Amino acid sequence: DDSWKSYSVEFCGGTHLSNTKDAQAFVLLQEEGIAKGIRRITGITMADATAAIKAGEEIAKEVSIAGDLEGVTLEDAIKKLTEKINTASISAVLKTKLRDILASYGKKVVAWKKEQAAAKTAT
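Residues numbered from 1 in each chain as written. Predicted model: local features only at pLDDT ≥ 70, side-chain atom pairs only at ≥ 80, totals over all residues. Heavy atoms only, no water.

Q: When you look at the overall build of the chain in this model, what are you seeing that I'm missing?
A: Across its full length, the chain carries three helices and two strands. Listed by position from the N terminus, the elements making up the chain come as β-β-α-α-α. For the chain, the residues scored as buried account for 21% of the 123 residues in total. Taking as baseline every contact in the chain between residues at least 6 positions apart, the subset at least 24 positions apart corresponds to 49%. (Helix = DSSP H or I, 4+ residues; strand = E, 2+ residues; numbered from the N terminus. Buried < 20%, exposed > 50% of the residue type's maximum accessible area, 1.4 Å probe, protein only. Contact = heavy atoms within 4.5 Å.)

Right under this line is the structure:
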């Protein structure tokens, strides 16, 4: 696509590899705008990437298990997992996915609280 020729798309400031297979693994940690038209992409490779993948899998399991909880227990789990996700060095894509799952769990907590309030006013 010729439109890409008007943009600078090179990666800079990182390790230079003779072959991409030398990276072994890659995890995108963050993507952000740092100035108008300039994006910063932060990623890790090799052992750090492998560790980030493993950490992400472990947190994803914890999030899945939390889905079976209810009420105050679920609310507490959401708070703890949100903090854990926010501080973890895991894939940015996985962070977004896990945050979305926790948001759906949060809706369950809100519905539970409404039920509790309705039950109190009914008695």
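Q: Teacher, can you tell me more about the packing of helix α1 (residues 46-66) against helix α3 (residues 92-122) here?
A: A pair of packed helices is captured by two measures, namely the crossing angle of their axes and the spacing between those axes. Where α1 meets α3, the closest approach of the two axes is 10 Å, and the angle between their N-to-C directions is 10 degrees. By the criterion of interaxial angle, the relationship of α1 to α3 is roughly parallel. Along the contact surface, α1 presents Gly-56, Glu-57, Ile-59, Ala-60, Val-63, Ser-64 and Ala-66, while α3 presents Leu-94, Leu-98, Ile-101, Leu-102 and Tyr-105. Taken together, the residues of the contact of α1 with α3 sort by class into nine nonpolar, two polar and one charged. (Axes fitted to C-alpha atoms, helices over the stretch in contact; angles between N-to-C directions. Parallel < 35°, antiparallel > 145°, perpendicular 65-115°, else oblique. Nonpolar A, V, L, I, M, F, W, Y, C, P; charged D, E, K, R; others polar.)

Q: What is the right way to read the environment of Asn-86 from this model?
A: By the element assignment, Asn-86 lies in helix α2 (residues 71-87). Sequence separation between Asn-86 and Arg-99 is 13 residues, and the spatial gap between their C-alpha atoms is 9.0 Å. If near-sequence neighbours (up to four positions away) are discounted, Asn-86 is found in contact with Lys-95 and Arg-99.

Q: How should I be thinking about unusual backbone geometry in this particular structure?
A: Negative phi is the rule for most residues except glycine; trans is the rule for most peptide bonds. For Gln-24, which is not a glycine, the phi torsion comes out positive at approximately 70 degrees. By relative accessible area, which is 61% here, Gln-24 ends up exposed.

Q: Sorry, what's going on with the packing of α2 against α3 here?
A: Two elements in contact, α2 and α3, have axes separated by 10 Å at closest approach and are oriented at 160 degrees. Classified by the angle between their axes, α2 and α3 sit roughly antiparallel to one another. For α2 against α3, the interelement crossing comes out left-handed. Together, Gly-71, Val-72, Leu-74, Glu-75, Ile-78, Leu-81, Thr-82, Ile-85 and Asn-86 of α2 and Lys-95, Leu-98, Arg-99, Leu-102, Tyr-105, Gly-106, Lys-108, Val-109, Trp-112 and Lys-113 of α3 make up the contact between the two elements. Looking at the contact of α2 with α3, its residues break down into ten nonpolar, four polar and five charged. (Left-handed = near helix turned anticlockwise from the far one by under 90°.)

Q: Would you mind going over the pattern of salt bridges with me for this structure?
A: Side-chain pairing between opposite charges can occur once the charged atoms of the two side chains come close. Considering all chains together, one arrives at four salt bridges under this definition. Two residues, Lys-84 and Glu-62, come together in a salt bridge whose shortest N-O distance is 2.7 Å. Pair noted here: Lys-84 is in helix α2 and Glu-62 is in helix α1, with a separation of 22 residues, a long-range link. The exposure class of Lys-84 is partly exposed, given its relative accessible area of 35%. (Salt bridge = Lys/Arg side-chain N within 4 Å of Asp/Glu carboxyl O.)

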